[in-house]
Structures are given as C-alpha cells and as structure tokens.
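Listed below, chain by chain, are the residues.
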Amino acid sequence: MSVINILSPHVADMIAAGEVVERPASVIKELCENALDAGAKNVTVEIRGGGATMIRVTDDGCGMSPEDAGVAFLRHATSKLHDERGLEAIATMGFRGEALAAISAVSKIRLVTRERGAAEGTLVLLEAGEITEMQPFGCPEGTTMEVRELFYNTPARQKFMKSDRAEASACQTAALRCALAHPEVSFRFIRDGEEQFFSPGDGREDSCIYSLLGRAVATDMLKCTGDNDGVRVSGYVSSPSAGRGNRSAQYFFCNGRAIRSQLLQAALEQAYRNTDVNVHPAKTEVKFSEERKVFDAVYYAVLSALTGEERTKAPAAELPADIRPKENFYQSMSAEQFRANGYAAAPDKSGAKSAAKYTESAGTPASYAKPASGAWKPTGLRAPDPAWQTRLDLSPARPTPSEPKAVAVTGFEPPAGTRIVEKAVQNVEKPRLPDHKIVGEAMKTYIIVEVNDELLLIDKHAAHERMIFDRLKAQDRSIMAQTLLAPVTIRPDGADGELIERYGELFTSLGFEIDPFGAEEYVVRALPADVDAADVAPAIEEICEKLRRGKAPQPEDARDEILHTVACKAAIKAGWDNSPEELERVVASVLSGAVKYCPHGRPVSAVVTKKELDKLFRRIV
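Heads up: these notes are all about the structure in this document. Computed from a prediction, not measured in an experiment: that's the story for all the values here.

The helix and strand inventory of the protein chain stands at 18 helices and 21 strands. Taken over 621 residues, the protein chain has a buried fraction of 41%. If you sum the accessible surface of the protein chain, you get close to 33,800 Å²; carbon and sulfur atoms cover 51% of it.

Dropping the structure here:
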C-alpha cells in the first residue's frame, strides 16, 4: 500500500509560505522590494493590528496589465528572471517568484493596479491563494497591495505571533531598512492611522538618515567612503561617543539590499577597533567571493572616517597591532612573551571614568557625618573591619534608663556630649588567606599581589564582576531594585522591544521595571540596585543582544544572561581609581579560591613566578 502522498499545490504553497512569510514584517519586506523593482519613487506602508489585521503597500511604479495581474500570484511567476543565464546577473530585489504566492496562500488579498499609460486599472481579490474576483477598476498608475487576516487559515502560525506592539515594531524596522537602503525613494510608514516616519526621497543619504533616525543620531554621524580593488564602500558611521550596547542599530546594504554579514560586522568593529549571492530565501545573508577585499574596503573606509585621515590598503601582516589576534596577556606566558608583551602598551582610557569610585553595598563601612558646627574632625580614621557590621549612633546624649555598652573606635574623636552606642555586632570568621602584600596596580587594570615567591596578577574588573554575579545568582528571591527619581525613556528597535516583552517577568524579577510608553518607547522606572542609572540604556541593549544570540534560551539561561550584564555594569572598571579596601576585598576573594573565572569563563588571575622573573633578567639561565 502506498504511503507517499503528492501534496496539492495549495498545501505546498502554504508550506512554502513558512520559508518566506514568517511574520507580518516579512510581508512588508517582500512588498516593498516589489515596489522598488517596479521603479516606484513613492512608497506608503500602512499597518493595523501589528500587521496581522491589515498591511497595505501603495506605490507609483510601473503597475501591471490585467494579464500580468491574473498570473502574478502563481508560484514561480516572475518578471525578473527569464532563464538560467539570468541568475548570473541578478539586478533586482526579488527573482524567485515565490513571495506573492506564499503571501496569498495564508491571507486575503485585494490588489488594485494600473499599468503606466493604460486607460483603466484592474481589481483582483484573492482568498487563500484563489482568485475570487477580477474586474476592470478605476485607479491611479501604480499598485496597491492590501493583505488582510494574515495566517487566518493556519492557526498554528498565529500562535507564534508576538503582541501587536512587538509585531508592529518589527514591521516598522523592515520598512525602515528599505527606506535607508534607497534614499532616492520617498517612504512613508503609517501605524494604526499615525505616521511614524517619512523620508524625502531626494537621493541624499544624510537627509534620509536625519528624517528616519532622528537629529541626535544624524549629528553624530561621520561620512565614510572607500575603494579597494573594485570594492566600493560608502555610508555613515557614528562617532565613538555615540556607541550603543548592541548591534541593533547597525545597517548593512549590498547593491541596495539590506543584508547580514559577520564579515562586515568584524570589519566595522575592528575599525572602531561586486556580487552578492543569496543563500537564504529571505535574501538577507550573503557570501562574498573575495572576502579579504571586502573586509579591507570596509575597515579602511570606516577607519578613515573615524581618524579624519585617508588610509590606503596595507598587507594583512601590517594591520594595526590593536586588531591582530592576541593571546591572554598572562595566561601560559613564557619569559620571552613577558618581555615582548609586558607593560609595553598603555591601556586605552577613552571610555574610562576618571577618578571614579565604587563601594560594594555588601561591604560598605559605616559612614560618619560631620556636624555643621565643625566640633570635631577624624584623626587617622580607619574603616572598621567589614566582618564587624557596626552602626554608630552620633546623636546627642539623652538620659536613658540604662546606659548601653560603649564601643571604642581607634583614632576617632567624637564631639563633646556625643555618645557612641553599639547597635549590632556580628563576629564573622574570616577565611584564612596566605600571607600576601598588595604591591599596587598596573595600568589601573591589574592588581599586583606578592604571595611568597610569586606575583599574582588579578584583573580587578573580571574578579569583581564574578563576585557580584555569584552574590546575585545565590539569591532565591527577586533582586533588590532601586526606583529611579526620574524614569528613563528608551527607544529600542522592534527586535529589542519584542525581547523586552517576551522576558518581561524575568526582567521584573531581576530588578527592572519597564513599561510600554507610547507606540515605540519604553519607560524604565526601576533597575537593579547595583546598576548606575546612567547605564540603563546600555545595560538593556546589551541584555537584548545576549538574548538574541541565544537559540531560544531557557528561563534559567536567560536569567544568567541578564545577571551577567548587571554584574558587568556594577563591577569596578579598568581605568578607575579604587581604594586599598576595595582592592583588598577583590584580592581576598581570589586568594580564598571563591573567584577563579569571570562569568564569561575568562580567568581572573595569572601567576608570574620568581624563577620566571630571574630568567627574564638573566639572573639564572
């Protein structure tokens, strides 16, 4: 008995729709690209209900004849490809002839189109891929494609749709990418009756960026151009001061098509640090036949824009030292490597906070307020041992039924009439540590500790980050939050907004209070107590980037990703000035064995022995 069935064309189209139409944003991408291929100079995109209720794309392109309108929704029907030789010179946005067939298979469509120079237009109504009505119709030249009730006949797909807000944001991002790629075309995006953006279509990249991304972004942009062995690069990059916590605002285009490319990302990031081949039905991922040329072209174009100098191509071996791969500074280091790589280079302090101080909340010594009268001053005051949680009452003495036990504080002279009261004393046994001496810091980054006949080098940021991460992860309750006096408004892109909503409960349990605010913005009212308010937007961007990279992370994995970022933002930073007490706490955690690796798996310390130093200075052979 035969068990292999030949699927009907309609079922095959519905299955194929999953490759092309993942969500409403996919429909907008395909219809906008069709409008561009039709030579449109003005494109209007309208959505309702996040795109699931209605999507309408109107253009003033060449339009279609009645004959073409009747066959446009058949699978593999295309005006952009005639034979296999055409595959070698694709110059249009689409060419497979799959988009309209896939969209119509899972929706209800109303098409109104009129060919240029024709006396009348054509109206076509479709439902689930089948034409239900077709007749002459009065309309302007161009095409209007209206898609309603997307996925109405595939309930399984509807279950995976996000909220209307998240889907609408994704639709807006899809239209925005098309608009940025084509400054010569005027794009208008309307969401639930309100215009969200409009580009002038004057062909100027700078005015396109200004109108689509806003004045604040446009004023921080630098023009970059380059030409390397036939690979031409042009565009705009932001100044280093306008950096963001993730890649959501990076837009790459190849031959007018929005693309994703790890190669271009690497070239761009290393600077801070003509044929595309489609490898996916969405036509966003590309491979370049000569990757090194493309990399060099992007790298030097961006580097020239950032430095204000024109750079020429250098051989790969002569790339700047700061972008060549390096081994861990002290890990598995021989004497020769130490001599070659030791303290030769000063750290990059461009992003360091000058003279910034950090005090860990769990170990903050008691603070002493100076009276306005200046009745006393500290003499050689030392912070009490963190193991003794002592609070001091400095209020003027009052008669009490029974005088509490006094506490002596070395080097402290209170004003007359002040009594010192022991509020709470808890003796905590300190871990036994080997004899050690903190020699100092190298480059305000590495703590140098002398332990017996070895030098221990500790990355203070990585070690402190681990200390905070372990403390937060050990809590079996919600992370303590701080309510912001002035809430912070953020404007994430569609993908980040979707993640904020998907993991909303998780964000809340970890101390964030994030609420929708208008159509595209969110307001942050609270954040984890360890995070500075100035780091709100970068922290959320970084968290979203980590969640996006994960393959459908489990809740516990997602929690760890958020805690990684919270710990990183709260930890002391390379380049900061820190007190001896702060450094001692970090050293104690490392020497006790509690901290060995940062949350990302990097070692936090390395050892240089006396023997290695003796060899370095040729005291021994």
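From this point, the discussion proceeds with the structure in view.
Our next topic: the packing of helix H13 (residues 494-502) against helix H15 (residues 536-549). The N-to-C vectors of H13 and H15 enclose an angle of 85°; their axes lie 10 Å apart at closest approach. When the axes of H13 and H15 are compared, the pair comes out roughly perpendicular. Residues Ala495, Asp496, Leu499 and Ile500 of H13 form the contact with H15, whose participating residues are Ile540, Cys544, Leu547 and Arg548. Grouping the amino acids of the contact of H13 with H15 by side-chain chemistry returns 6 nonpolar, no polar and 2 charged.

Right, let's talk about the nonpolar core for a bit. Judged by nonpolar contacts, the single largest core of 48 residues is most densely connected at Ile28, Val147 and Phe187. The element contributing the most residues to this core is helix H6 (residues 164-181), with 9 residues. Those residues within four positions of Phe187 in sequence are excluded, and the remaining contacts are Cys32, Leu36, Val43, Cys178, Ala179, Phe197, Phe198 and Ser199. One finds Cys544, Leu547, Val566 and Ala567 within the second-largest nonpolar core, a separate group that totals 30 residues.

Below, the discussion takes up the environment of Asn34. You can see Asn34 is positioned in helix H2 (residues 24-37). Judged by its relative accessible area of 25%, Asn34 is partly exposed.

What follows is about the sheet that holds strand S18 (residues 481-490). Pairing in this open sheet of 3 strands is antiparallel, and the strands run S18-S20-S19 from one edge to the other. The open sheet terminates on both sides in strands that have one partner only, identified here as S18 and strand S19 (513-517). Recorded for the sheet is a direction-independent mean angle of 15° between the axes of neighbouring strands. The sheet contact formed by S18 and strand S20 (residues 521-528) spans 6 bridges and is antiparallel. Paired with Ile490 across the two strands is Tyr522, which belongs to S20. In the packing of H15 onto the sheet, contacts are made with S18, S19 and S20, and the angle to S18 comes to roughly 85°.

On to the packing of aromatic side chains, then. What the rule picks out here adds up to 4 aromatic pairs. Summarising the aromatic geometry, the rings of Phe189 and Phe197 are spaced 5.6 Å apart at their centres and angled 15° between planes, so their arrangement reads as stacked. Accessibility assignment for this pair places Phe189 and Phe197 in one class, buried. When the ring of Phe295 is compared with that of Tyr299, the centres are 6.3 Å apart and the planes differ by 10°; the resulting orientation is stacked. Note that Phe295 and Tyr299 are positioned in helix H10 (residues 291-307) at a spacing of 4 residues, about one turn of the helix.

Looking now at the pairing of strand S1 (residues 42-48). Remark: a regular strand shows side chains that alternate across the two faces of the sheet. Side-chain alternation along S1 places Val43, Val45 and Ile47 on a buried face and Asn42, Thr44, Glu46 and Arg48 on a face that remains uncovered. Relative to strand S7 (residues 186-191), S1 is paired through 6 bridges, and the arrangement is parallel. Each bridged residue has a counterpart across the sheet, and for Ile47 the counterpart in S7 is Arg191. Taken together, S1 and the strand that follows it, strand S2 (residues 54-59), pair antiparallel across an intervening segment of 5 residues, in which Gly49 is found at a positive phi of about 60°.

Running from amino to carboxyl end, helix H9 (residues 262-272) crosses H10 at an angle of 35°, the nearest separation of the two axes being 8 Å. H10 is crossed by H9, and the crossing has right-handed handedness. Together, Leu263, Leu264, Ala266, Ala267, Leu268, Gln270, Ala271 and Tyr272 of H9 and Glu291, Val294, Phe295, Val298, Tyr299, Val302, Leu303 and Leu306 of H10 make up the contact between the two elements. Here the residues of the contact of H9 with H10 sort into 14 nonpolar, 1 polar and 1 charged.

Definitions and limits used
- Residues numbered from 1 in each chain as written.
- Predicted model: local features only at pLDDT ≥ 70, side-chain atom pairs only at ≥ 80, totals over all residues.
- Heavy atoms only, no water.
- Helix = DSSP H or I, 4+ residues; strand = E, 2+ residues; numbered from the N terminus.
- Buried < 20%, exposed > 50% of the residue type's maximum accessible area, 1.4 Å probe, protein only.
- Areas by Shrake-Rupley, 256 points an atom, 1.4 Å probe, with all protein chains shown as cover.
- Axes fitted to C-alpha atoms, helices over the stretch in contact; angles between N-to-C directions.
- Parallel < 35°, antiparallel > 145°, perpendicular 65-115°, else oblique.
- Contact = heavy atoms within 4.5 Å.
- Nonpolar A, V, L, I, M, F, W, Y, C, P; charged D, E, K, R; others polar.
- Core = buried A, V, L, I, M, F, W, Y, C linked by side-chain atoms within 4.5 Å.
- Pairing = 2+ DSSP bridges.
- Phe/Tyr/Trp six-rings, centres within 6.5 Å; stacked < 30°, edge-to-face > 60°.
- Left-handed = near helix turned anticlockwise from the far one by under 90°.

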